[in-house]
Every structure is written in structure tokens, then in C-alpha cells.
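Chain residues, written in single-letter form:
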Amino acid sequence: MTVTQYLADWRPYPFEIAETRLEFDLAPKGTRVRSQIDFRRKGPGDLVLDGAGLRTQSLAIDGKPLDLSLISKDDERLVVPASALPDSFTFAAEVEIDPEMNTALEGLYLSGGMFCTQCEAEGFRHITWYPDRPDVMAPFRVTIRSDKPVLLSNGNPVSRGQGEAVWHDPWPKPAYLFALVAGDLVAIPDSFTTMSGRKVELNVWVRPGDQDRAGYAMESLIRSMKWDEETYGREYDLDVFNLVAVDDFNMGAMENKGLNIFNSKLVLASAETATDGDYERIEGVIGHEYFHNWTGNRITCRDWFQLCLKEGLTVFRDQQFTSDMRSAAVKRIHDVQTLRARQFREDAGPLAHPPRPDNYQEINNFYTATVYEKGAEVIGMLKRLVGEDGYRKALDLYFIRHDGQACTIEDWIKVFEDATGRDLTQFKRWYTDAGTPRLTLSEDWQDGRLTLHFRQETAPTPGQPQKPPRVIPIALGLIGPNGDEVLPTTVLEMTEASQSFTFDGLGARPVVSLLRGFSAPVTVAREITADEQALLLAHDTDPYARWQAGHDLALDALIFRATSGTGGAEFGQAIGGLLTDAAADPAFAALCLSLPGEEEIATTIAARGGVPDPDAIRTAREALAQDIATAHEAELARLYDAMETPGPYRPDAEGAGRRSLRLACLGLLTRIDGAARAQVLFNSASNMTERQGALECLIAAGKDTEALAAFAQEFGSNRLVMDKWFMVQPLRATPDQAVARARDLAERADFDWKNPNRFRALISGLCANHAAFHAADGSGYAFTVDWLMRLDPVNPQTTARMCSAFETWTRYDADRQAHAKAALGRLAAMKGLSRNTSEMVTRILA
Ligand code: 0A1
Ligand code: ZN
């Protein structure tokens, strides 16, 4: 039965917990969990506990056995009537669970022989009976018995003996932050002295043999700890911080108090096995999980509707961290690209929801781009509106006022109001309303006076037909016709549906550099000529706006080609100008050189009211790339050589920027040099960034047989590297071959599809190949659904997340829609379909 949960139904839990004590006797089958929970009454009501798949051996209150018939028929609730309860009591339970049967990777499970846990959002109920909701917080004392050599849980170690370890976490926490690890692990040890002079023991735990790839994770952790002290005044609060890498994990990583658990792909890195992108993500995600210690753990969420309270803020903080560690301009452009590709897409389709939703069936389906990335953008807007000082004051107040509490978005907004004196009533709509506002700009120019007329509109989204206007911070500057900046960045606050702003005393008509720094998550519609875009690309002082101008120029050219004919001369010319001084800022030049992807072209065509044709889009993009390569061959070749990074590999921003420009050039040159350079680079590169980049070019050029074999030969035993091998083939193969190729790969013995990383590599690789996934004969859809149907009974969470590949299905032509609908219909009709996937398919088909 599907039950919808509503924000409006939240009620306080009638008990608080003084302490939770857990004892584990670990075994792959028949792990024993004994719990003792000291409850104290706070308000009226029964004692309601959550459970899932537990074999309950005994239950007791203050030592007196409870009847097992108090457990509901579906085995998911245990209700002890208020009349049977004193004001303070100890509830005790003994249950048995089977970690080795747990393929869903929720609760306690086995990964490569290691016991580990994942409790967010509702995994703890798979471990024992508990009030599994984030507003019930308790200190934990945990005893682990096992013959595994390393036994870890949250908090500080009390005793670490042979076969048994005891951990105590003094900081009250909700059950979703509980963690346990038991395995044959080795540590990269280090330490950190906090700003008040406390020495903290740090360990990054990996499987024996992986130590030499864990150093970067440790460095990133130390940088994160230091940054949070310097930037937010946040100090770590335990004696030990443990971080563990596991191979089987549904998501990226998890911020369990004092014991972060990571997907191994976000920990392990060496020059030979990880790309620049991997290194950057490792640093960012290690920062993210570490920053949760304050934004998520010390201050947590009252209920799961408030998820963006911790996630939006923590993403915002990790973005700031990466900007400070690397290039702020490049980071901002990358973040905008991700937001558009994932969140705008979500907002424009059937899965649209506000950053703070008000209902859900399965909370695991709400770990979305909207909650995370848009949640972060909303904080960026708040910061822009209240300024640096206001932001700092508000955050200081947040940490002081709410430490140790489970909070709401209302609490968050209130600290900004109290710290800055601003009324944020209208601003709150960013949290409660779904959809991406479309900002339209038209201009009047007369006698040295420029008037900007803005209009904002947001299309209806599921359940929200009306969209009142929002507060939109519009950062802009003005660039004179000679390229000089005549107005530095100014922030306009738009609050009405239509609003005009005037700038006087201008000599000549300037070009508006709009939405600098991407000051609000909106789409823009404006009249601008290709010449004006080229002017911005050449002269804008704001790197984001400058990149955007070039990007729009390319996008317009591509759409023109994909829908009606030729175009792109201006972009080709502008690129010529850019290439001349590309070496001055290689990362930026690389961003400008990479053409908008097929998915983005399709999104833009649909947003402009057209029906995207995936084959025409592909053809248009290939042709424009070919033209650019031909027109600028000499310059591209020169840059390709100049961007070689001599000496030992260093995963810093500078080297990464050079390699990204080098690979952007290679992608273009491969189209005209018979893949000769790609071949040489593949054979000679000593780092994975260039190795993988060259391999992708070879696949696209259809000259990959030997390279793929050599790659598999060299890295066959490295799971993470082989994930790349599985991913790049369906992703880069030409659309006519990609599905067949994915099918062949799925037949291989090493397509270990129960491992989420391997499954995602192959299937998401195909889904990201736009023209292949949307193949006119429906084969991309059918293949994807076949595999989703296979995975659902094994791992509902990962299956459900991957359904979002279909969230754009209604924007295509009738034949494709029919194929997509048929495929989704098969999935929806599957017997025993999980609640997770069922919710996703229902919403997508609605
Ligand atoms: N809180 C983690 C992400 C996470 C969420 C859910 C999970 O299981 C359903 C696992 C991890 C983060 O933001 O990093
Ligand atoms: Zn997070």
C-alpha cells in the first residue's frame, strides 16, 4: 500500500531519549542486535517504534517482557499504549537480522566481506526497533563483537580490544547518523589540531592494498577541517574522526557522526587511476561530509521535508570550499552547468518539486538536484541579498541558537530576519514553490538613458498551478561598445511580476552583462545580437557572464542548425579570437570551447516551444564541431602541444585546467586527424585524465578496439577504473551502435550489476548518450527498462533514482513518446515493484 506523508501532519514525538545502548554480535546471517533505550515522557501519546524486516526475539519495558503481538501485521510498527508506560522507562529489544541478504544496501549490510551501515534516511529501522525520525536525538553507546580486526562506530572509543570494541558518542544524534563498520581494513593515519588546541586522531580506512590511493582523501579532510574553522568558525568536536571507503554504496557518501562512510570512488585516487574530475569531486565530497558535522549533525532536520536545510546549506558550503581551493570562476561555471543539466531539467518535468516539498511517498526519492543544488542556489541568493556581513551574522546566530536542535526552514529564515532586520516573507517562496522562473528582458534606449524592463513568469508544476512573483536578485553590469565596463556589478532586486530599472548618463548604448555570477536560478529570454554576444565574450569582466555569452552564441547556432539550416559563423569567429589568448586561462578557454551538449540543446528547443529531434541535434553538433576543427586546425594543434603538462602529475587546478584545454582541443582535432593524436596520447599518457580523454576520442572515432583491450588488460582488476571502461563505451559510441554495445557489455561476466557503481556506469552511460537513449526505434528505452526491472527487486533505491532518465519523455515526438510510454508501462506493471520505483514511475507517467 502506498502511503503519502504530509508536512502538515508532523507532530512532536512524545518522548525524549536520555541514552541509546546497542550491542551487536555480528554474523553474515543472524546478527544479534540488543538495544536498551532510556525514554522520558515529554507529552501525551503511545510509544511508537519503527522496524523493517526484523526477526524480533524479545521486547521488554524495565525488564518486564512485552507481548510480540504489539507489532503490527506488516511488521513495521510497534505500538506500546501510553497506559502501559511509566514516565521514565528503559525499552529493550533483541532482534536478529541477516546482513548478507541485504542487497538494498539500507541498514546493516556486507560489502566485500566488510560489515557496514547506511541509515539515512530510514535505514536504522532495518537494524532494530526505534523512533526512526530525525527529531529524536540521543547519545549512543555501542558495543560491537566480531572477529573482524577493525570495529568502528560513532563518537569516541571507550575500549578497542580483541573481538570487541565499545564506542560512545556524547553528542545527541538522530538514528539516521548511526554507523557501524567491521572489517579487515587498514588506516592512513594522521592528526589535526583544532583551533582551540585539541588534537584529533584522523583515519582514512581502506582495504589492504588500497593505502597508496588514499592519501589525497586525507589531505582533503585536513583542508576541510581547517577551512571550516577559518571560514565559519566551526571546530571539530570529537577525539577521533574516521572515514571508511566501501565498494557497494547507493550514493556518494554519508556524514555519520565521527564515522563518515564513502563510496570508494570518492576516496581512492592516484594519477594512474583517477581523473582531474575525480580528484576535484573527492575533495568536494570529503568537504561536504565533513561540513555536515555542523550543518546536519549538530543542527539537524526536524523532519525529512526539511532535507534541504542540511543539504542545500552543506552543498553551498562545499561549493565555497572548492572555490577557495581551486578557481572560483571555473567552479561557478561548472556548478551552473550542473544545475541546468540536472535541476532545471527536473523543474521542467513531471518530477518538479520545491526545495522543501510538502509531501512524499518515499523519502529516498527526494535526494534530488532540487533539494541539493537548488537548495544551495537559494542560499547563494540569500547571501547576495543580505551581503557578506549579514550572512556571517546570520550563520553565527544559527549555530548559537540552534546547536543541538532539529530545525525547520522557518528557523533558518528567522535567523536571517533577526540578524539582518530584513523581511524574508516573499523570499521564502524559493523554498516552497517549484519551477524555474523565466526572466524576460527588453530594453529602451534614448538620450543616454537605458531602461531595462524585466518580466518574471514561472510555468505551473505538478500540484502548483499558480506561481506568485519571487524576489530575484539580478546582478548586472554594462559594457560599452568599445568593450569598457561602464557600470560595475550592481544588484537589482526584482519583487514584482514586471519591473523596470533605469540607468542615466550613458554616452553610447551599452550591452547588458546580465545575471552576473548567475545571481539567481532562472532562465533568461532577451533580445541580443550575435555581435553583442561576441562583445561580451571578448570583454565582460564577470567570468560567468563572459562564458555564458559564448555559450549562448553556440547554443543559438546549434539550435538554428538543428531546426532549420546553417549557422554558427559568429561563434566560429569568436572562438578564433578566444583561442589566440587561450593559454592565459586554459580552464576558461576549455569551457568556452566545449559546445553545449545534446541534452541542453534539446532542453532549450523544448523550452522555446519546439519538439527536439535527437538525430538532427546530434548531426548539428557534430557538424559545428567539425567546422570549428577545420577552421582553427593550426591554432588547436598548437594549443594541444602547448598544454602538455610536463613533470609528475599534480591534481591541482592549474594542471587540471591545462589538461582540460588539451582534451578540448583533442576532441576537435580527432575529427580531422584520423584520431592520430588520440592514439599517441592513449599510448603515452601517464595519467588517467588524458588516458580516459584519449580513449573517449578513440571510441567516438570508431578506432577503439585495441585501446579498449589494452585498457582492460591493464586495469582489469581495478573496479573503479573498470567502471570508467564500462561507462565510456555506451556514452561515446555513435548512436547507431551504442545500444548494441551496451547489450554486449551487459553480457560480460564482469558486469557485476548488483554493484551500484557498475550498474550506473553502464546504464547511465547509455542514458547520457542523448541520441542513443532516445533512439527512434525505442531500443534505448527498452534496454534501460529491462535492466531497471532486473535491479528493482535487488536494489530499489538505485533503480528509482535512475528512473529520472525518463523525466523528459513528453518533450519528444509522438513515436518516441509511444516507445517511452510502453517501456515505462512495463516497469509500472511489474509484479512486486518497490515503493521507491513505483512512486517514480507514477509521477513520471502522470
Ligand atoms: N546525506 C548524504 C547523502 C546520502 C543520502 C541518502 C543516502 O541513502 C539514501 C545515502 C547518502 C550526503 O548528502 O552526502
Ligand atoms: Zn549532504
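What counts, and at which threshold
Residues numbered from 1 in each chain as written. Chains lettered and ligands numbered in written order. Predicted model: local features only at pLDDT ≥ 70, side-chain atom pairs only at ≥ 80, totals over all residues. Helix = DSSP H or I, 4+ residues; strand = E, 2+ residues; numbered from the N terminus. Rg over C-alpha atoms; globule rule 2.2 N^0.38 Å. Buried ≥ 20, exposed ≤ 12 C-beta atoms within 10 Å, placed from the backbone. UniProt positions renumbered as here; feature names shortened; annotations may be inferred. Axes fitted to C-alpha atoms, helices over the stretch in contact; angles between N-to-C directions. Parallel < 35°, antiparallel > 145°, perpendicular 65-115°, else oblique. Left-handed = near helix turned anticlockwise from the far one by under 90°. Contact = placed C-beta atoms within 7 Å. Pairing = 2+ DSSP bridges. Near = placed C-beta within 6 Å. Nonpolar A, V, L, I, M, F, W, Y, C, P; charged D, E, K, R; others polar. Expected span 1.5 Å × (residues − 1). Core = buried A, V, L, I, M, F, W, Y, C linked by C-beta atoms within 7 Å. pLDDT = per-residue confidence, 0-100.

(A) Examining the overall build of the protein chain more closely. Looking only at helices and strands, the protein chain features 26 helices and 30 strands. Compactness check: the protein chain gives a C-alpha radius of gyration of 27 Å against a globular reference of 28 Å for 846 residues, within 12% of the reference. Taking the principal axes of its C-alpha atoms as reference, the protein chain extends roughly 85 × 65 × 60 Å. Looking at the protein chain residue by residue over its 846 residues, the buried ones come to 51%.

(B) Expanded view of the UniProt feature "domain: Aminopeptidase N-like N-terminal" (unreviewed entry) in the protein chain. Mapped onto this numbering, the UniProt entry gives "domain: Aminopeptidase N-like N-terminal" (unreviewed entry) at residues 46–177. The span residues 46–177 is 0% helix and 49% strand, and its two end C-alpha atoms sit 25 Å from each other.

(C) Expanded view of the UniProt feature "domain: Peptidase M1 alanyl aminopeptidase C-terminal" (unreviewed entry) in the protein chain. According to UniProt, the feature "domain: Peptidase M1 alanyl aminopeptidase C-terminal" (unreviewed entry) maps to residues 531–846 in the numbering used here. Secondary structure within residues 531–846 divides into 72% helix and 0% strand; the distance between the first and last C-alpha atoms comes to 43 Å.

(D) Structural view of the packing of helix H11 (residues 586–593) against helix H15 (residues 653–669). Running from amino to carboxyl end, H11 crosses H15 at an angle of 30°, the nearest separation of the two axes being 7 Å. One finds that H11 runs roughly parallel with respect to H15. When you trace H11 past H15, the crossing you get is left-handed. Counted together, Pro586, Ala587, Ala589, Ala590 and Leu593 of H11 and Gly657, Arg658, Ser660, Leu661 and Ala664 of H15 form the full contact between these two elements.

(E) Up close: the pairing of strand E2 (residues 15–25). Relative to strand E3 (residues 31–41), E2 is paired through 10 bridges, and the arrangement is antiparallel. Bridge pairing in E3 links Phe15 to Arg41. With antiparallel pairing between neighbouring strands as the criterion, E2 and E3 make up a hairpin whose turn holds 5 residues, including Gly30 at a positive phi of roughly 75°. One ladder, built from 6 bridges, connects E2 with strand E11 (residues 138–145); its direction is parallel. From the neighbouring strand, Arg21 faces E11, where its bridge partner is Arg141.

(F) Just the site of ligand 1, in detail. Within the structure, ligand 1 sits among 15 residues, and Glu120, Met251, Met254, Asn364 and Tyr367 are positioned closest to it. At the level of secondary structure, the elements contributing two or more residues to the shell around ligand 1 comprise strand E19 (253–254) and helix H2 (276–291). The residue makeup of the shell around ligand 1, split by class, is 5 nonpolar, 6 polar and 4 charged.

(G) Fine view of the sheet that holds strand E17 (residues 199–206). Here we have 5 strands laid out as an open sheet, ordered E16-E17-E18-E20-E19, and mixed in their pairing. Each edge of the open sheet is held by one strand with a lone partner, namely strand E16 (186–193) and E19. Sheet analysis places E19 next to strand E20 (residues 259–263), joined by 2 bridges and oriented antiparallel. By the bridge assignment, Ala253 is partnered in E20 with Phe262.

(H) Region of the structure containing H11. The buried count for H11 comes to 8 of 8 residues, which makes it a mostly enclosed element. Of all the positions in H11, only Pro586, Ala587, Phe588, Ala589, Ala590, Leu591, Cys592 and Leu593 are classed as buried. On its buried face, H11 sits against helix H4 (328–347), helix H9 (543–563), helix H10 (569–580) and H15.

(I) Structural context of helix H1 (residues 215–232). Its 18 residues give H1 an end-to-end C-alpha distance of 26 Å, which sits within 8% of 26 Å, the value for a rise of 1.5 Å per residue. Among all positions in H1, only Tyr216, Ala217, Ser220, Leu221, Ser224, Met225, Trp227 and Asp228 are buried. Contact partners of the buried residues in H1: E16, E17, strand E18 (240–246), H2 and helix H3 (307–325). Directly beyond the C-terminal end of H1, a positive phi value near 65° is found at Gly233.

(J) Region of the structure containing the packing of H9 against H11. Contact geometry of H9 with H11 gives a least axis separation of 9 Å together with a crossing angle of 30°. With respect to H11, the axis of H9 lies roughly parallel. Pair H9 / H11 crosses with right-handed handedness. Residues Pro543, Trp547 and Gly550 of H9 form the contact with H11, whose own contacting residues are Phe588, Leu591 and Cys592. Class assignment of the residues belonging to the contact of H9 with H11 gives a composition of 5 nonpolar, 1 polar and no charged.

(K) View of the environment of Arg422. Position of Arg422 relative to the elements: it lies in the loop between helix H6 (409–420) and helix H7 (429–432). When the 16 C-beta atoms within 10 Å are taken as the criterion, Arg422 is described as partly exposed. For Arg422, the contacting residues outside a window of four places in its chain are Val386, Phe416 and Glu417.

(L) Molecular detail of the sheet that holds strand E6 (residues 64–65). Reading across the sheet, the 8 strands line up as E6-E5-E8-E3-E2-E11-E14-E13 and stay open at both edges, with mixed pairing between neighbours. Each having just a single partner strand, E6 and strand E13 (156–161) make up the two edges of the open sheet.

(M) Fine view of the nonpolar core. The biggest cluster of nonpolar side chains holds 244 residues, and the ones touching the most others in it are Leu180, Val181, Val244, Ile261, Val267 and Leu766. If you tally residues by element for this core, the top one is helix H5 (residues 369–402), at 11 residues. Each residue touching Leu180, except ones within four places of it in the same chain, is listed here: Phe24, Leu108, Phe115, Thr117, Val142, Ile144, Leu152 and Ser153.

(N) Structural context of unusual backbone geometry. Look at the link from Glu120 to Ala121: it is a cis peptide, with omega at -5°. Look at Asp75: it is not a glycine, yet its phi comes out positive at around 70°. By secondary structure assignment, the location of Asp75 is in the loop between E6 and strand E7 (77–80). Looking at Asp75, the number of C-beta atoms within 10 Å reads 13, which means it is partly exposed. For Phe518, which is not glycine, the phi torsion reads 50° and is therefore positive. Examined against the element boundaries, Phe518 turns out to sit in the loop between strand E29 (511–514) and strand E30 (523–526).

(O) Representation of the environment of Leu266 within the structure. In this fold, Leu266 is placed in the loop between E20 and H2. The spatial distance from the C-alpha of Leu266 to the C-alpha of Gly284 is 9.3 Å, given a sequence separation of 18 residues.

(P) Structural view of the pairing of strand E5 (residues 55–61). Pairing between E5 and strand E8 (residues 88–97): 6 bridges, direction antiparallel. Note on E8: the bridge partner recorded for Leu59 is Ala93. Sheet topology places E5 next to E6; 2 bridges connect them, and they run antiparallel. The residue of E6 that forms the bridge with Ala60 is Pro65. Counting the residues in the hairpin turn of E5 and E6 gives 2 residues, including Asp62, whose phi is positive at 50°.

(Q) Fine view of the environment of Tyr391. With respect to the helices, strands and loops of the structure, Tyr391 is situated in helix H5. Among the residues examined, Tyr391 registers 19 C-beta atoms within 10 Å and is labelled partly exposed. Sequence separation between Tyr391 and Val415 is 24 residues; the distance between their C-alpha atoms is 9.8 Å. If we ignore the near neighbours within four places in the chain, the residues touching Tyr391 are Lys383 and Val386.

(R) Region of the structure containing the confidence of the model for the protein chain. Overall, the predicted model of the protein chain reaches an average pLDDT of 97, with 100% of residues at or above 70. The complex prediction reports pTM at 0.99, with the ipTM value standing at 0.98.

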